Amino acid sequence: MTGPVPALEDRAVACANRLLEADSVLLASHIDADGLTSAAVAAQALERAEIPFETVFEKQLDEAAIARVAATEYDTVLFTDFGSGQLDVIGEHEDAGAFTPVIADHHQPADRDTEFHLNPLLFGINGASELSGAGASYVLARALADVSSTTATDGGTKPAETATTATNPRADNRDLAALAVVGAVGDMQASGGELHGANAKIVEEGVDAGVLETGTDLALYGKQTRPLPKLLEYATDVQIPGISNSERGALRFLDELDLELKRDGEWRRWSGLSSDEKQTIASALVQRAVSKGVPASKIDQLVGTAYVLPEEPVGTELRDASEFSTLLNATARYERADVGLGVCLGDRDGALERARKLLRDHRRNLSNGIDLVTEKGVTHEDNLQWFDAGDEIRETIVGIVAGMAMGNQGISRSKPILAFAEKSANPRSAGKSADAQAADQSGEATTENDGGKLKVSARGTHALVRQGLDLSVVVGEAARAVGGDGGGHDVAAGATVPKGDEMEFLERADEIVGEQLS
Ligand code: C5P
Ligand code: C5P
Ligand code: C5P
Ligand code: ZN
């Protein structure tokens, strides 16, 4: 067969064959929406291939985390949504015979390679905008189904031409495309309102398999779950004067439309409107924006491609890829990756209800964080801007806050933004006591500080990337210059730096950004 991403096919098949040789596999993944969906895709593929496995999540794949992995009994470790950037350290354990790594990732690789390494960047595919960790895991999952069905039907010789699997999306893992798309959206790969490249191929497979629907729609966050006035009030990516951030304005705007937008006294939600009703509201919004002088390029951003999961109930977070991914961030970034994984695997053990509780806290934390940064303001250097959140914003969400605050008063979108936060220890999220988990759900950093280190998160825009910005290089080099380390993507990256060296780190980072944008 040819997988969804032909350039990756040979490597995917090699990785799949290696997994099938294993008696059991340790699956290790990253604690964000993309990491969770990566794990969920891989877990279902392993389950279906009848390969026994156990799943663990790590906030960061640092030396200590890799040592923990190496100390397990497992001889085969599948890393998803991380691993490439740590291949130097992983390679040492591999050389020592601790385990064989199989990696499905999309981060910038370290200066070392390994045999079972599936990463779009090795094949000229952009890992920040064309394929996510969940996408790489999906490519692997498709190969795994293919290789295992071949092995099962004709003893591993050659693919059966008349395989009946093509008609059943579960048999060839195409149903997992929906999760792959949630991961890509969660990593903000839908630039300019839609997914591109390899991601778009995965979308096509998902549509064919009946697990995805796409369509042009209002590009606002909350179409499934927010009552209409809240949908409009909170939509601030494109500022519509008199509506964005204004409860009264949003209500007045809706009241003036000649539509029945309430039912039993309750405001309806976008997802429940007819297409005529949607059309009426969207046109009125665009008209309002035009009349208030919002530039055409901004108005274009009001509309984008919506990725809908038609098998999920209308009005739930799970039906919209963007809301689904936020729901997952609300679990994994608060050390409850188990809850997020349960949601991805079909609401195991009431996971959805628990995730929704976490989401309420997550939203409050994001909103408080954004307010804090906007009030305190950022410091402008020549080529970048930065703030120090101290222990007031959790290190796992400080990057999200930084990205969402860009464009607010005093926070430019024409310079990258860097944020510091106190680093907490790196506990494994699985296997933590319920008490410890409950104590961790506030937005503030936990008291368990990782002594002398600071977390850095960096965010840019696609426009800056087009001008040459690569934040993975910026924070990676600047951190290494002061004895820390970091990496990530061109548009979003992170690092750890020793406390006390942040000014030197910033100077170096400012210099590198200057060189990249000149
Ligand atoms: O681990 P990693 O790949 O998952 O995380 C990607 C991060 O980069 C996410 O938090 C995502 O929101 C962020 N990002 C961003 N802007 C982009 C692309 C990614 O803030 N344009
Ligand atoms: O991890 P990343 O940087 O993508 O996180 C940004 C998150 O904030 C996204 O998951 C996005 O869906 C969420 N969001 C939100 N409310 C908004 C806009 C975005 O919760 N109004
Ligand atoms: O933590 P944050 O959301 O800011 O991470 C942004 C990106 O940088 C993610 O892709 C993450 O995996 C990467 N990162 C990294 N090394 C670090 C911290 C973050 O590669 N020390
Ligand atoms: Zn990712």
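Looking at an unreviewed UniProt entry, one finds the protein chain named RecJ-like exonuclease, with Natronorubrum sediminis as its source organism.

Before going further, it helps to spend a moment on the nonpolar core. In this structure, Leu19, Leu78, Val181 and Phe324 are the most contacted members of the largest nonpolar core, which totals 73 residues. The contacts of leucine 19, once residues within four sequence positions are left out, are Val25, Leu46, Ile51, Thr76, Leu78, Val102, Leu140 and Leu144. Listed in part, the 24 residues of the second largest apolar core include Leu232, Ile240, Leu254 and Leu257.

Moving on, we get to the domain arrangement of the protein chain. In many analyses, interface size is given as the accessible surface area lost on bringing the parts together. Structurally, the protein chain comprises domain 1 (6-150 + 169-175), domain 2 (220-301) and domain 3 (377-423 + 451-517). Taking the mean C-alpha position of each, domain 1 and domain 2 sit 42 Å from one another.

Our focus in this paragraph is the packing of helix 18 (residues 471-481) against helix 19 (residues 502-517). Relative orientation of the contacting elements helix 18 and helix 19 amounts to 145°, with a least axis distance of 8 Å. For the crossing formed where helix 18 meets helix 19, the hand is right-handed. Along the contact surface, helix 18 presents Val473, Val474, Val475, Glu477, Ala478, Ala479 and Ala481, while helix 19 presents Glu504, Phe505, Arg508, Ala509, Ile512, Val513 and Gln516. Classifying every residue of the contact of helix 18 with helix 19 by side-chain character gives 10 nonpolar, one polar and three charged.

We now examine the UniProt feature "domain: DDH" (unreviewed entry) in the protein chain. Using the residue numbers shown here, the UniProt feature "domain: DDH" (unreviewed entry) corresponds to residues 25-140. Overall, residues 25-140 shows 35% helix and 21% strand. The separation of its end C-alpha atoms is 15 Å.

The next thing to look at is the site of ligand 2. The environment of ligand 2 is made up of Gly186, Met188, Tyr221, Arg226, Ser322, Thr326, Asn329, Arg333, Arg363, Ile400 and Met404. Within the backbone of glycine 186, an N or O atom sits 3.1 Å from an oxygen atom of ligand 2. Between ligand 2 and threonine 326, the relevant distance is 2.5 Å, taken from an oxygen atom to a side-chain nitrogen or oxygen of the residue. About the coverage of ligand 2: the protein hides 84% of its 470 Å² of free accessible area. A breakdown of the residues in the shell around ligand 2 according to their chemical character gives four nonpolar, four polar and three charged.

This paragraph deals with a negative patch on the surface. There is a patch of like negative charges on the surface, built from Glu63, Asp88, Glu92 and Asp111. Topologically, glutamate 92 is positioned in helix 4 (residues 87-95).

By the burial criterion, the buried members of helix 3 (residues 63-70) are Ala65, Ile66, Val69 and Ala70. Down the axis of helix 3, the buried side of the element spans an arc of 140°, and every buried residue falls inside it.

The local shell around ligand 1 holds 14 residues, among which His30, Asp32, His107, Asp187 and His489 are the closest. Side-chain polar atom of histidine 30 to an oxygen atom of ligand 1: 3.2 Å apart, as the coordinates give it. Between arginine 459 and ligand 1, the recorded distance is 3.0 Å, taken from a side-chain N or O atom to an oxygen atom. Look at ligand 1: alone it shows 470 Å² of surface, and the protein chains cover 89% of it. Residue composition of the shell around ligand 1, grouped by class: three nonpolar, six polar and five charged. The residues that make up the shell around ligand 1 include at least three from each of domain 1 (6-150 + 169-175) and domain 3 (377-423 + 451-517).

On to the side chain of arginine 319, then. Examined against the element boundaries, arginine 319 turns out to sit in the loop between strand 9 (303-308) and helix 12 (321-332). Put simply, arginine 319 is tucked away with no salt bridge, and the nearest opposite charge, on glutamate 213, sits 4.9 Å away. What arginine 319 contacts, discounting residues up to four positions off in sequence, is Gln224, Tyr307, Val308, Leu309, Pro310, Glu312, Pro313 and Val314.

This part takes up the coordination of the zinc ion (ligand 4). Those donors, Asp34 (OD), Asp81 (OD), His106 (NE2) and Asp187 (OD), are the protein atoms that reach the zinc ion (ligand 4), and they lie 2.1 to 2.3 Å from it. Seen from the zinc ion (ligand 4), its four donor atoms lie at angles of 84 to 168°, and the figure they make is irregular. Spacing between the donor residues of the zinc ion (ligand 4) along the chain follows D-x46-D-x24-H-x80-D. You can see aspartate 81 sitting in the loop between strand 3 (76-80) and helix 4 and its partner aspartate 187 sitting in the loop between helix 6 (177-186) and helix 7 (197-209), a full 106 residues away along the chain. Note on aspartate 81: relative accessible area 1%, which makes it buried.

Time to look at helix 4. Each α-helix turn comprises 3.6 residues. Residues three or four places apart therefore point the same way. Buried within helix 4 we find Leu87, Val89, Ile90 and Gly91. Immediately downstream of helix 4, the backbone of glycine 97 shows phi near 80°, a positive value.

The share of residues in the protein chain with pLDDT of 70 or more is 92%, and the mean pLDDT across the chain is 91. Here residues 155-165 is a poorly scored stretch, pLDDT under 50, and it has 10 contacts once near neighbours within four places are set aside; other chains count. Predicted confidence is poor over residues 427-448, with pLDDT under 50, and the contacts of this stretch with residues over four places away or in other chains come to 43 contacts. This complex was scored by the predictor with a pTM of 0.88 and an ipTM of 0.82.

Criteria and cut-off values
Each chain carries its own residue numbering, running from 1 in the direction its sequence is written. The naming scheme follows written order: chains are lettered A onward, ligands numbered 1 onward. Two thresholds apply to this predicted model, a pLDDT of at least 70 for residue-level local features and 80 or more for giving and counting side-chain atom pairs, whereas whole-chain, interface and lining totals are computed over all residues. Side-chain figures throughout are based on the complete set of non-hydrogen atoms in the structure, without hydrogens or water. Only buried Ala, Val, Leu, Ile, Met, Phe, Trp, Tyr and Cys residues count toward a nonpolar core, and they belong to the same one when joined by side-chain atoms within 4.5 Å. Each residue's exposure class comes from its accessible area (1.4 Å probe, protein chains only) as a fraction of the maximum for that residue type: buried when under 20%, exposed when over 50%, partly exposed otherwise. Residue contacts follow a heavy-atom distance rule, with two residues in contact if any of their heavy atoms lie within 4.5 Å. Start and end points for every domain follow an automatic or database-based domain assignment. Helix axes use the C-alpha atoms of the stretch in contact, all axes being lines fitted to C-alpha atoms, and the angles between their N-to-C directions lie in the range 0 to 180 degrees. A run of DSSP states H or I qualifies as a helix once it reaches four residues; a run of E qualifies as a strand once it reaches two. Both are numbered from the N-terminal end. It is the rotation of the near helix from the far one that decides the hand of a crossing: anticlockwise by less than a right angle makes it left-handed, clockwise makes it right-handed. Under the scheme applied, nonpolar residues are Ala, Val, Leu, Ile, Met, Phe, Trp, Tyr, Cys and Pro; charged residues are Asp, Glu, Lys and Arg; polar residues are all the others, including Gly. UniProt positions are given in the numbering used here, feature names are shortened, and annotations may be inferred rather than shown by experiment. Near is defined per residue: the residue qualifies when any heavy atom it owns lies within 4 Å of the molecule or strand. What qualifies as a polar contact is a pair of N or O atoms within 3.5 Å, subject to a donor-acceptor requirement within protein and to the restriction that residues adjacent in sequence count only when both atoms come from side chains. In short, Shrake-Rupley with a 1.4 Å probe defines the accessible areas, and a residue's cover is counted only from the protein chains shown. Only residues whose relative accessible area exceeds 30% and that form no salt bridge enter a patch; like-charged residues are grouped when within 9 Å of one another, and nonpolar side chains (Val, Leu, Ile, Met, Phe, Trp, Tyr) when within 5 Å. A pair is scored as a salt bridge if a Lys or Arg side-chain nitrogen falls within 4 Å of a carboxyl oxygen belonging to Asp or Glu. A residue counts as positive if it is Lys or Arg and as negative if it is Asp or Glu; His and the chain ends are not included. In plain terms, the charge of a residue is placed at NZ if it is Lys, CZ if Arg, CG if Asp and CD if Glu. Each direction from the helix axis to a C-beta atom contributes to the arc, which is the arc of those directions. Note that water is not among the atoms considered, so a metal site may appear incomplete; the donors listed are N, O and S atoms within 2.8 Å of the metal, with 3.2 Å applied to Na, K and Ca. By the criteria applied here, four donors are tetrahedral when all angles lie between 85 and 135 degrees, four are square planar and six octahedral when opposite donors are over 155 degrees apart and every other angle lies between 65 and 115, and any other arrangement is irregular. Per residue, pLDDT measures the predictor's confidence, with a range of 0 to 100.

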